[in-house]
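# Architecture at a glance
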Amino acid sequence: MIKVGIIGGSGYTGLELIKLLLNHPKTEIGFVSSRQYKGKSVQEVFPAFINSAFKGQFCDPASIPNLNEADLVFTALPHKSSLETVPSLLDKGLKVIDLSADFRLRKIADYESYYGAHTASDLLKEAVYGVPELHRDKIKTATLVANPGCYAITSILGLAPMADNSHLNSMVIIDAKSGVSGAGRTPSVETSFVETNENFRPYKVATHRHIPEIEQELGLLSGSKDIRVTFVPHLLPLNRGILATMYMPSGGLTEEEVYDIYKTFYKEEPFIRLLPRDKLPNLSYVRGSNYCDISLKLDTRSGNIIIMAAIDNLGKGASSNAIQNLNLLFGLPETTGLLPPLYP
Ligand SMILES: NC(=O)c1ccc[n+]([C@@H]2O[C@H](COP(=O)([O-])OP(=O)(O)OC[C@H]3O[C@@H](n4cnc5c(N)ncnc54)[C@H](OP(=O)(O)O)[C@@H]3O)[C@@H](O)[C@H]2O)c1
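Residues numbered from 1 in each chain as written. Predicted model: local features only at pLDDT ≥ 70, side-chain atom pairs only at ≥ 80, totals over all residues. Heavy atoms only, no water.

### Structural notes on the packing of aromatic side chains
Scanning all chains against the criterion turns up 8 aromatic pairs. Ring centres 6.1 Å apart and planes at 75° place the aromatic pair F46 and F58 in the edge-to-face group. With F46 in the loop between helix 2 (42–45) and strand 3 (58–59) and F58 in strand 3, the pair connects residues that are 12 residues apart, well separated along the chain. The exposure class of F46 is buried, given its relative accessible area of 10%. (Phe/Tyr/Trp six-rings, centres within 6.5 Å; stacked < 30°, edge-to-face > 60°. Helix = DSSP H or I, 4+ residues; strand = E, 2+ residues; numbered from the N terminus. Buried < 20%, exposed > 50% of the residue type's maximum accessible area, 1.4 Å probe, protein only.)

### Looking at the pairing of strand 4 (residues 72–75)
Residues L72 and F74 of strand 4 are buried on one face, and the alternating residues V73 and T75, pointing to the opposite face, are buried as well. For strand 1 (residues 2–7) and strand 4, the ladder comprises 4 bridges, and the chain directions are parallel. Looking at the pairing, I6 lines up with F74 of strand 4. The pairing of strand 4 with strand 5 (residues 95–98) spans 4 bridges and is parallel. Bridging from a neighbouring strand, L72 pairs with K95 of strand 5. For the segment spanning strand 4, helix 3 (residues 81–91) and strand 5, crossover handedness is right-handed. (Pairing = 2+ DSSP bridges. Right-handed = clockwise from strand over helix to strand, strands pointing away.)

### Brief notes about the sheet that holds strand 6 (residues 128–129)
The sheet built from 7 strands is open, its strands ordered 3-2-1-4-5-7-6 with parallel pairing. Both edges of this open sheet fall to strand 3 and strand 6, since each of them pairs with a single strand only. With 3 bridges connecting them, strand 5 and strand 7 (residues 144–146) associate as parallel partners. Its bridge partner being in strand 7, V96 is matched across the sheet by L144.

### Considering the sheet that holds strand 12 (residues 272–274)
Ordered in space as 9-10-8-11-14-13-12, the 7 strands form an open sheet in which the pairing is mixed. Each end of this open sheet is capped by a strand with a single partner; those strands are strand 9 (201–202) and strand 12. Note that strand 8 (residues 173–178) and strand 10 (residues 230–235) share 6 bridges and pair parallel. Bridged to I173 within strand 10 is T230.

### With respect to the pattern of salt bridges
Within this structure, the stated rule accounts for 17 salt bridges. The residue R228 makes a salt bridge to D226 at a minimum N-O spacing of 3.3 Å. (Salt bridge = Lys/Arg side-chain N within 4 Å of Asp/Glu carboxyl O.)

### What to know about the nonpolar core
Within the largest apolar cluster, 43 residues are counted, with the highest numbers of intra-cluster contacts made by L159, M162, I174, V229, Y262, I294 and I307. Residue assignment for this core shows that the elements contributing at least two residues are helix 6 (150–164), strand 8, helix 8 (211–221), strand 11 (242–249), helix 9 (255–266), strand 13 (292–299) and strand 14 (304–311). Broken down by element, this core gets its largest block of residues, 10 residues, from helix 6. Beyond its immediate chain neighbours, meaning those up to four positions away, I307 contacts G158, L159, M162, A244, T245, M246, M248, Y262, I294, S295 and L296. Counting residues in each nonpolar core, the second largest holds 34 residues, with V32, F46, I97 and L332 among its members. (Core = buried A, V, L, I, M, F, W, Y, C linked by side-chain atoms within 4.5 Å. Contact = heavy atoms within 4.5 Å.)

Structure follows, in structure tokens:
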């Protein structure tokens, strides 16, 4: 069995990891940390896990018992906290899948302009950006996987085939909507019930922190072209799910040709579902799963191609994608332990 620990196990992505690891036939949970719940049983704090196979307590992240017995640690921490935690885990010879933004950007200047000073920049060369559909071979041999941001992976998967075929330029617009769990479990006024329920609003217009990740990966696929995206996130009054609608000039391509580009690029990817031509993505089709559903439409009047992509932000946008990366790291079939959508 692969022994796995979670640092930051009481947040939304950490809890989703516990759920998925309990279902995974080849892993066993060694420890789960939380400062506020240290010493308390996971089942007591989160009754959703009553009667589950994990009977452990939250441990203090500053003194983790059995740390040296772990084969892999998930760091499900806010950015900056991972910067402090990950280097010492790697020094102990552990493999790490980090869910924060701290190791996702190759250029330190990109990190510092969106997040502030980086104190472990030597690790940026070593970290592999954890989109299996793009970096599968590198992930297999990585010691540090930087799991992508939730808006970022939606946008990247939605646009990658166009970037890879040199059809993408900076005319692309990404109009993305996320459920509130995307902001994590720490309470804030902006994400409180009264501010979000029966409401819908844009935020961080053209300044969101996932922009440099999206541009980094689409630029790489485009042959190092300088791709600039117009990115507008919105907050949906839902618990989970991201739907991004992306617009770009078709450059004379027919809808059939665009479909062929996507079919060729994604071939037999287990978690990318290019939907039939008469179907559109719904968040309810992907909830709880590792799927990214994609649909395409050519607007013959404007000449724009419209690409729609849907994921679960805690699934393909975070924890189930991290499990897919674990499967790659340990030579398991990529689908091991991953769940079907929770529909309806
Ligand atoms: N939510 C999403 O949809 C999503 C998607 C993709 C990526 N991410 C990224 O994944 C990471 C985790 O997100 P989340 O939504 O799970 O956040 P969260 O709900 O706020 O949980 C954060 C976890 O980290 C612990 N923690 C916070 N500060 C810590 C510190 N200084 N040292 C040790 N532990 C600390 C918290 O527990 P204690 O405070 O009790 O220690 C908690 O368990 C973030 O970097 C986020 O940006 C989130």
